[in-house]
Amino acid sequence: MARTITVGLDGSPESRAAAEWAAREAALRQVPVRLLHVWQPVPEPMAQAPFLGAETHQHWTERIPRDAAEGLRLRHPGVEVTTEQRAGAPADVLLAATREAELLVLGSRALSGLTGFLVGSVGQSVIARAEAPVILVRAGEQAADEHVKDPAGIPSAATGFRPVVVGLDTGCPDETVLAFAFEEAWRRGAPLTALRAWNLPSSYSYSLAAGFDPREELARAQAEALTEALLPWREKYPDVEVTEACRLGSPAEHLIDAARDASLVVVGRRVRRSPFGAHIGAVAHAVMHHATTPVAVVAHD
């Protein structure tokens, strides 16, 4: 796999925010950034139109990655930036790009009110099938948003990073997801919050009827399992400050809440080799659409 961060760029505000995030991440990893623009050839009837023809369309689409690359080079002089255009269906081209890169970075746009963010059908299709981690970045995301405020309470990119948050299933903790989260925290010099949320089992009501409330015992068992799962990673990354959070309730809701004070949220997506196609889990899907900070979706077995 090439050591490159690829950005799906279409000229929208959210894709430009994704490119800026990718450049900052590239500086941390010391790798180049590739701006990938997917060019869909115009249909034949449009190709005959003098102002909407294929040459005109290609000219404007070539400007999108070129102008974005020039801006990134000015703002991030230590990062190598390349551009590439490919023709084809966006989802298929971006999916192929994940096989050639360390990360794929995509943008997602805000919806009005409290409904969250929109991850379009192309993005969802790519995330559901991608082999490499996919990062979703919101339109308007700034570097200062990922850092703690300065002593005067003013946002600043010169302060330390906010925590990296990782959602963890202690029943089957995956090393791929944990490795990604610890690496991101280590690169940033940021603390890591490992969050395990759990729901009461279906037998809970029967226990209450028998005069026994198992919540305290269950909470203790969940906390112990979380500590055990993190122990080898604490030893591997002794410089990463780790906070363990074990909470009763919806995993998605707790992760979305924790994202408000995070620089990055990491969730896993189990690879399902099903005849009915790829699938994004309910927790990852909810976090993708509602977390207010960049989200990393990491595929695992």
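Cut-off values and rules
- Residues numbered from 1 in each chain as written.
- Predicted model: local features only at pLDDT ≥ 70, side-chain atom pairs only at ≥ 80, totals over all residues.
- Heavy atoms only, no water.
- Helix = DSSP H or I, 4+ residues; strand = E, 2+ residues; numbered from the N terminus.
- Buried < 20%, exposed > 50% of the residue type's maximum accessible area, 1.4 Å probe, protein only.
- Contact = heavy atoms within 4.5 Å.
- 1 Å grid on protein atoms, 1.4 Å probe; cavity = no way out; pocket = protein on both sides within 12 Å on 5 of 7 lines; lining within 4 Å.
- Points joined across faces, edges and corners; volume = space filled by probe spheres on them.
- Nonpolar A, V, L, I, M, F, W, Y, C, P; charged D, E, K, R; others polar.

## As for the environment of Glu131
Along the chain, the position of Glu131 falls in the loop between helix 5 (121-129) and strand 6 (134-138). Overall, the relative accessible area of 57% leaves Glu131 in the exposed class. Once the C-alpha coordinates of Glu131 and Leu95 are considered, the two residues, 36 residues apart in sequence, prove to be 8.3 Å apart. Those residues within four positions of Glu131 in sequence are excluded, and the remaining contacts are Thr98, Arg99 and Ala299.

## Quick look at the layout of surface pockets
By volume, the largest pocket is sized at about 540 Å³. In terms of lining, the largest pocket is formed by 25 residues, of which the most central are Gly167, Leu168, Asp169, Gly268 and Val283. Looking at the lining of the largest pocket, the elements with two or more residues in it are strand 8 (192-198), helix 9 (251-259), strand 10 (264-270) and helix 10 (282-290). For the lining of the largest pocket, the per-class residue count stands at 13 nonpolar, six polar and six charged. The space that makes up the second largest pocket amounts to roughly 430 Å³. Contributing to the lining of the second largest pocket are 22 residues, with Gly8, Asp10, Leu94, Gly107 and Val122 lying nearest its centre. Sort the elements by how many residues they give to the lining of the second largest pocket and strand 4 (residues 103-110) lands first, with four residues. Its residues assigned to classes, the lining of the second largest pocket shows ten nonpolar, nine polar and three charged.

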